Amino acid sequence: MKTVTFVTQKGGSGKSSLAANLAVAAEQAGERVFLLDLDRQGTLARWIDRRTAETPGFDTIASESQLDAALATLAQQHFTVAILDTAGTDSPLVTAAIRVADLCLVPARPTPADLEATQPTLSAIQATRRRFAFVLSQAPVRSGRLGEAAAGLRMLGVLAEPPIAQRNDHQDALGAGQGVTEFNPGGKAAEEIRSLWGWIATKLKQKA
Ligand SMILES: Nc1ncnc2c1ncn2[C@@H]1O[C@H](COP(=O)(O)OP(=O)(O)O)[C@@H](O)[C@H]1O
Ligand SMILES: [Mg+2]
């Protein structure tokens, strides 16, 4: 089982939205996916409540020992991917979520404030020597900023591809308890999320 952790201290950067959408896209690509919500705000718990589909599996996690136990159980149950959503704070639980990750994904909107705000998260990831990539999220559809932001992130480390644009499908799908690839499979948001899952899946197959 591979573990993917969404982490950044900046709230509203798209962690929960990406976790839900990629969980669905990974299922559609044939993975057995379990979502673990480590954030007390419960964005994913409410999304799961609105969902009619039985999958992905879902649970909330409140402590480091609970996290280790849950991952061991999921691996035994032959889940192939665990996706962890974390709170936008620095805490021992978030550090544990970084520690257990095969890949940490750091979402950031392409604004100077959001990019600056990734610095403490990056330091925490580098301290554990985990692999990581940035994901540009909520990118304005037409803006020169994306190019600048992408170039900046490529210099700092790895940038996952493609950037995820700001699109209504993301908000509408989440409100409907779906991923964008279920809500509007032919839309651009769905296409971007499927491609991003493809990028992540390739990364997970590579040796660290
Ligand atoms: N690509 C996107 N396009 C439009 N809205 C988005 C997109 N990604 C996230 N959002 C919205 O932005 C808000 C914050 O996203 P969220 O995933 O909750 O961030 P975080 O979990 O990092 O705090 C939510 O209202 C979400 O629906
Ligand atoms: Mg969240």
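It should be emphasised that the depicted structure is a prediction, and the values quoted were computed from it without experimental measurement.

Turning our attention to the overall build of the protein. Within the protein one finds 10 helices and 6 strands. Here the C-alpha atoms of the protein give a radius of gyration of 16 Å, agreeing with the 17 Å that 2.2 N^0.38 yields for 208 residues. Counting only C-alpha atoms, the protein reaches 45 × 40 × 35 Å along its principal axes. Taking all 208 residues of the protein together, the buried fraction comes to 50%. In the protein, 74% of the contacts between residues at least 6 apart in sequence involve partners at least 24 apart. Entry remark: accessible area of the protein is about 9700 Å², with carbon and sulfur atoms responsible for 50%. Placing the 22 positive and 21 negative side-chain charges of the protein at their respective mean positions leaves the two points 5 Å apart.

This part is about the site of ligand 1. Near ligand 1 you find 14 residues, and of these Gly-12, Lys-15, Ser-16, Ser-17 and Ala-165 are the closest. Arg-167 is positioned such that a nitrogen or oxygen atom in its backbone is 3.0 Å from a nitrogen atom of ligand 1. Burial of ligand 1 by the protein amounts to 79% of the accessible area it has alone, namely 560 Å². Contributions of two or more residues to the shell around ligand 1 are made by α1 (15-28) and α8 (168-175). Within the shell around ligand 1, the residues separate by chemical class into 2 nonpolar, 10 polar and 2 charged.

Another aspect to go through is the nonpolar core. Among the nonpolar cores identified, the biggest contains 34 residues, and Trp-197 and Ile-200 are the most heavily contacted of them. Not counting residues within four places of it along the chain, the set of residues in contact with Ile-200 comprises Val-4, Leu-22, Leu-103 and Leu-105.

For the structure shown, the criterion picks out 4 salt bridges. Across the pair Arg-99 and Asp-68 runs a salt bridge, and its minimum N-O distance is 3.8 Å. Separated by 31 residues along the polypeptide, Arg-99 in helix α4 (residues 92-99) and Asp-68 in helix α3 (residues 64-76) bring together distant segments of the chain. Among the residues examined, Asp-68 registers a relative accessible area of 35% and is labelled partly exposed. For the salt bridge of Glu-192 with Arg-167, the shortest nitrogen-to-oxygen distance reads 2.7 Å. Here Arg-167 lies in the loop between α7 (145-156) and α8 and Glu-192 lies in helix α10 (residues 188-205), a separation of 25 residues in the sequence. Residue class for Arg-167 comes out partly exposed when judged on its relative accessible area of 21%.

Below, the discussion takes up the packing of aromatic side chains. Here the structure, examined in full by the defined rule, presents 2 aromatic pairs. Where Phe-34 meets Phe-79, the ring centres are 5.2 Å apart and the plane angle is 80°; that geometry is what we call edge-to-face. You can see Phe-34 sitting in strand β2 (residues 33-37) and its partner Phe-79 sitting in the loop between α3 and β4 (81-85), a full 45 residues away along the chain. The class of Phe-34 is buried, set by a relative accessible area of 13%. Residue classification places Phe-79 among the buried positions, given a relative accessible area of 13%. Seen in terms of ring centroids, Phe-132 and Phe-134 are 5.7 Å apart; in terms of plane orientation they differ by 90°. Their pairing is edge-to-face. With respect to burial, Phe-132 and Phe-134 carry one shared label: buried.

Rules used throughout
- Residues numbered from 1 in each chain as written.
- Chains lettered and ligands numbered in written order.
- Predicted model: local features only at pLDDT ≥ 70, side-chain atom pairs only at ≥ 80, totals over all residues.
- Heavy atoms only, no water.
- Helix = DSSP H or I, 4+ residues; strand = E, 2+ residues; numbered from the N terminus.
- Rg over C-alpha atoms; globule rule 2.2 N^0.38 Å.
- Buried < 20%, exposed > 50% of the residue type's maximum accessible area, 1.4 Å probe, protein only.
- Contact = heavy atoms within 4.5 Å.
- Areas by Shrake-Rupley, 256 points an atom, 1.4 Å probe, with all protein chains shown as cover.
- Lys, Arg positive; Asp, Glu negative; His and termini not counted.
- Charge placed at Lys NZ, Arg CZ, Asp CG, Glu CD.
- Near = heavy atom within 4 Å.
- Polar contact = N/O pair within 3.5 Å; in protein donor to acceptor, adjacent residues only side chain to side chain.
- Nonpolar A, V, L, I, M, F, W, Y, C, P; charged D, E, K, R; others polar.
- Core = buried A, V, L, I, M, F, W, Y, C linked by side-chain atoms within 4.5 Å.
- Salt bridge = Lys/Arg side-chain N within 4 Å of Asp/Glu carboxyl O.
- Phe/Tyr/Trp six-rings, centres within 6.5 Å; stacked < 30°, edge-to-face > 60°.

Honestly, that's just the spatial picture; any functional story needs more than this.
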